[in-house]
Amino acid sequence: MNTQRVLVVGGGIIGLAGAFRLALEGHHVTVLDPSVGHGATWAAAGMIAPSAEIAPGELSNYRLQRQALGAWRELSERLEDVTGHGVSIHEAGTLLSGWDAGDRRLVEQFAQLAEEFDAPMHRVTRHDSPEVFEGLSPRMTHGLVMEDDAWLDPDEAVERLRTGLRALGADLVAEAAEHIGVDAAGVVAETSSQTLRADVGLLATGSTPLPTGAAPSGANVVRPVRGVTVRVRGFDRSDQPMIRAFVRGRAFYMVSRPSGYCVLGATSDERSELAIEVGELQRLLRDGLDVVPALETASVSEIRYGLRPASADLRPFFETIKPPGWAWVSGHYRHGVTLAPLAAREVADFVGARG
Ligand SMILES: Cc1cc2nc3c(=O)[nH]c(=O)nc-3n(C[C@H](O)[C@H](O)[C@H](O)COP(=O)(O)OP(=O)(O)OC[C@H]3O[C@@H](n4cnc5c(N)ncnc54)[C@H](O)[C@@H]3O)c2cc1C
C-alpha cells in the first residue's frame, strides 16, 4: 500500500480516532497535542444518542449519527485486536420525559418529530415499567424510550486510542503546533522546540484557532459553544436507560455508569471563556435534583467544561486547505464523540487517496 507520513495536530477524540485508523492502515503517524483528550472531549458525557438528539432541520445529521454506533463497534474491535482492550459500549437507550405540563408538551412535540425521523422508540409509563423511572421525580409518570441510543466513557476511549497508537508505533508529541507550512520535502509543523515534517498534515484542533500559516478557504468556520458537565458519585441506575428530560423548558440529561458515577449535563453557551458561573451551575444542579431527587445524597466529584466546535450549519466538515498537503476536520459540535469513527474513515480515505 501507499504508506504516508502523517502529522495530526490535535489529540481530541477526532484527531485520535483519525490517527489510530491511519496507523492501523500502515501510515507513519505523529500526533501533536500539549494536552491530549483535554479539549471538548474531556467534558463530553459520551452519549451516542442520535434519537435523543433529534432536532428540527437536522435529519441528515441524524442519519449520519445513526451510522455511528456500528462504526464505534468496529473501532472498538480494532482497538481490542491491537491492545487487548476495546471500548465498552453500553446500549442503554434513553428515557425522555417532561417535568411540568409545559415540559410534557415539549416531549409530545419531540415525539412527533422523532416519528417523522422514523426513530426507533416506544412509550412507557411508571405504572407499567416502574424500574425505568427509578430515582426520577414522582411527577414524571410518562415517557418515551429511544431504543438504540448508547453511551461510552470518553476517558476510556481516549486512553484506549492512545495505547493503540503507541502499540502501532505512532509518536505522540506533547507540544502545540504554532505554525504550519510546506517545504520541498512535504508538510511542516513548528512547535516551540522543534520542526516536524511529513507527507500529509491534518488539523483536528476542535474549536481552537488554527496555527499560523493555515489558510482555509473561508467556506468553513468554527465557533466555540461552551458546555459544563457535573460528575457525581453515589447513585447507580446503569441498568436502565439514560435520562433525558425537559425541565422548565430546559434540557437536562444524566448518564449513569455502573460504578455509581453519573454525568449530569449540560450547559450550552455561545462563548469561549473557560470559567464556570455560579448561576449556570446552580441551574444545572437544580434541574438535576428536580428530575432525579435520588441525587440528593450523591457527592460531587468533578465539574468539567469544554468548547464544542460548532460550524455555521452545525454540521461537521472536512476541508483541504492551504498550504498544500494540509486538511482541516472540525465542526462536530455536540456529536464529536459519536461521530469520531466516521470522521476517522474520512481522514483515512483522504490520506489513502494521496501519493
Ligand atoms: C459539555 C459537553 C458535553 C458533550 N457531550 C457529548 C456527548 O455526550 N456525545 C457526543 O458525541 N459529543 C459530546 N460533546 C461534543 C464533543 O465533546 C465534541 O464534539 C468533540 O470533543 C470534538 O472533538 P475534537 O477532537 O474536534 O475537539 P477537542 O476535543 O476540543 O480536541 C481538540 C484538541 O486539539 C488540541 N489542539 C488545539 N490546537 C492545537 C495546536 N495548535 N497544536 C496541537 N494541539 C492542538 C487541543 O489541546 C485539544 O486536545 C460534548 C461537548 C461538551 C462541551
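Here is what the cut-offs are and how they apply
Residues numbered from 1 in each chain as written. Predicted model: local features only at pLDDT ≥ 70, side-chain atom pairs only at ≥ 80, totals over all residues. Heavy atoms only, no water. Helix = DSSP H or I, 4+ residues; strand = E, 2+ residues; numbered from the N terminus. Rg over C-alpha atoms; globule rule 2.2 N^0.38 Å. Buried < 20%, exposed > 50% of the residue type's maximum accessible area, 1.4 Å probe, protein only. Areas by Shrake-Rupley, 256 points an atom, 1.4 Å probe, with all protein chains shown as cover. Lys, Arg positive; Asp, Glu negative; His and termini not counted. Charge placed at Lys NZ, Arg CZ, Asp CG, Glu CD. Near = heavy atom within 4 Å. Polar contact = N/O pair within 3.5 Å; in protein donor to acceptor, adjacent residues only side chain to side chain. Nonpolar A, V, L, I, M, F, W, Y, C, P; charged D, E, K, R; others polar. Domains from an automatic or database assignment. Phe/Tyr/Trp six-rings, centres within 6.5 Å; stacked < 30°, edge-to-face > 60°. Lys NZ or Arg CZ within 6 Å of the ring centre and 35° of its normal. Patch = residues over 30% accessible without salt bridge, like charges linked within 9 Å, V, L, I, M, F, W, Y side chains within 5 Å. Salt bridge = Lys/Arg side-chain N within 4 Å of Asp/Glu carboxyl O. Core = buried A, V, L, I, M, F, W, Y, C linked by side-chain atoms within 4.5 Å. Contact = heavy atoms within 4.5 Å. Pairing = 2+ DSSP bridges. Axes fitted to C-alpha atoms, helices over the stretch in contact; angles between N-to-C directions.

## Digging into the overall build of the protein
Here is step 1: For the protein, the count of helices and strands is 8 helices and 19 strands.
Here is step 2: The C-alpha atoms of the protein give a radius of gyration of 21 Å, which matches the 20 Å a tight globule of 355 residues would have.
Here is step 3: For the protein, the spread of C-alpha atoms along the principal axes amounts to about 70 × 40 × 40 Å.
Here is step 4: When each of the 355 residues of the protein is scored for burial, the buried share is 53%.
Here is step 5: On the protein, roughly 14700 Å² of surface is accessible, and the fraction owed to carbon and sulfur atoms is 50%.
Here is step 6: Side chains of the protein give 34 positive and 46 negative charges; the mean places of these two sets differ by 3 Å.

## Details of the site of the ligand
Here is step 1: What surrounds the ligand is a group of 39 residues, the closest being Asp33, Thr41, Tyr333, Arg334 and Thr338.
Here is step 2: The separation between an oxygen atom of the ligand and a polar main-chain atom of glycine 46 is 3.1 Å.
Here is step 3: Elements represented by at least two residues in the shell around the ligand include exactly α1 (13-24), α2 (40-43), β13 (223-233), β17 (299-310) and α8 (336-352).
Here is step 4: Of the residues assigned to the shell around the ligand, the class counts are 18 nonpolar, 17 polar and 4 charged.
Here is step 5: Residues lining the shell around the ligand come from more than one domain, with at least three contributed by each of domain 1 (5-86 + 153-222 + 312-352) and domain 2 (94-147 + 224-309).

## As for the packing of aromatic side chains
Here is step 1: Under the defined criterion, the tally for this structure stands at 4 aromatic pairs.
Here is step 2: Ring centres of tryptophan 42 and tyrosine 305 lie 6.2 Å apart, and the angle between their planes is 80 degrees; this geometry places the pair in the edge-to-face category. Highlighted residues: tryptophan 42 in helix α2 and tyrosine 305 in strand β17, separated in sequence by 263 residues.
Here is step 3: If you follow arginine 139 out to its NZ or CZ, it ends over the ring of tryptophan 99, 3.8 Å from the centre.
Here is step 4: Here the guanidinium or amino end of arginine 248 rests over the ring plane of tryptophan 99, the centre of that ring lying 4.8 Å away.

## So, a nonpolar patch on the surface
Here is step 1: Residues Ile276, Val300 and Ile303 make up a contiguous nonpolar surface patch of roughly 210 Å² in combined accessible area.
Here is step 2: Relative to the elements of secondary structure, valine 300 occurs in strand β17.

## Quick look at the pattern of salt bridges
Here is step 1: With the rule as written, the count across this model stands at 28 salt bridges.
Here is step 2: Residues aspartate 269 and arginine 226 are paired through a salt bridge, measuring 3.5 Å at the closest nitrogen-oxygen approach. In this pair, aspartate 269 sits in the loop between β16 (261-265) and α7 (278-291) while arginine 226 sits in strand β13, placing the two residues 43 residues apart along the sequence.
Here is step 3: Aspartate 269 gets classed as partly exposed once you look at its relative accessible area, which sits at 22%.

## A closer look at the environment of histidine 127
Here is step 1: Relative to the helices and strands, histidine 127 is located in the loop between β5 (121-125) and β6 (142-146).
Here is step 2: We classify histidine 127 as exposed; its relative accessible area is 72%.
Here is step 3: Note: C-alpha distance between histidine 127 and threonine 141 (14 residues apart in sequence) is 7.5 Å.
Here is step 4: Among the polar contacts listed, one links the side chain of histidine 127 to the side chain of aspartate 128, at a separation of 3.1 Å.

## Here we look at the nonpolar core
Here is step 1: Ranked by size, the top nonpolar core spans 44 residues in total, and within it Val8, Ile13, Leu22, Val29, Trp72, Leu161 and Leu165 carry the most contacts.
Here is step 2: Every element with two or more residues in this core is listed here: β1 (5-9), α1, β2 (28-32), α4 (68-83), α6 (154-167), β12 (200-203), β19 (326-330) and α8.
Here is step 3: Not counting chain neighbours up to four residues away, the residues in contact with tryptophan 72 comprise Ile13, Ile48, Val87, Ile89, Leu152, Ala157, Val337, Thr338, Ala340 and Pro341.

## Quick notes on the sheet that holds strand β11 (residues 195-198)
Here is step 1: Read across the sheet, 3 strands follow the order β9-β10-β11 without closing on themselves; strand pairing throughout is antiparallel. The open sheet has two edge strands with one neighbour each: β9 (179-183) and β11. In this sheet, neighbouring strand axes are inclined to one another by 25 degrees on average, regardless of whether the strands run parallel or antiparallel.
Here is step 2: With 5 bridges connecting them, β9 and strand β10 (residues 186-190) associate as antiparallel partners. Bridge pairing in β10 places aspartate 183 opposite glycine 186.

## Quick look at the sheet that holds strand β15 (residues 250-256)
Here is step 1: Taken together, the 8 strands give an open sheet; going across it, the order is β5-β6-β4-β14-β15-β16-β13-β17, and neighbouring strands pair in mixed fashion. The sheet terminates laterally at β5 and β17, the two strands that pair on one side only. Taken pair by pair, the neighbouring strands of this sheet meet at an average axis angle of 25 degrees, ignoring direction.
Here is step 2: With 4 bridges joining them, β15 and β16 adopt antiparallel strand pairing. For methionine 254, the partnering residue across the bridge sits in β16 and is leucine 264.

## Concerning unusual backbone geometry
Here is step 1: A cis geometry characterises the amide bond from glycine 265 onward to alanine 266, with omega recorded as -20 degrees.
Here is step 2: In this fold, alanine 266 is placed in the loop between β16 and α7.
Here is step 3: Residue proline 323 is reached from lysine 322 by a cis peptide bond, and omega for that bond is 0 degrees.
Here is step 4: Note that proline 323 resides in the loop between β18 (317-321) and β19.
Here is step 5: Even without being a glycine, arginine 248 presents a positive backbone phi close to 50 degrees.
Here is step 6: Within the element layout of this structure, arginine 248 appears in the loop between β14 (242-247) and β15.
Here is step 7: The backbone phi angle of tyrosine 333 is positive, close to 50 degrees, even though this residue is not glycine.

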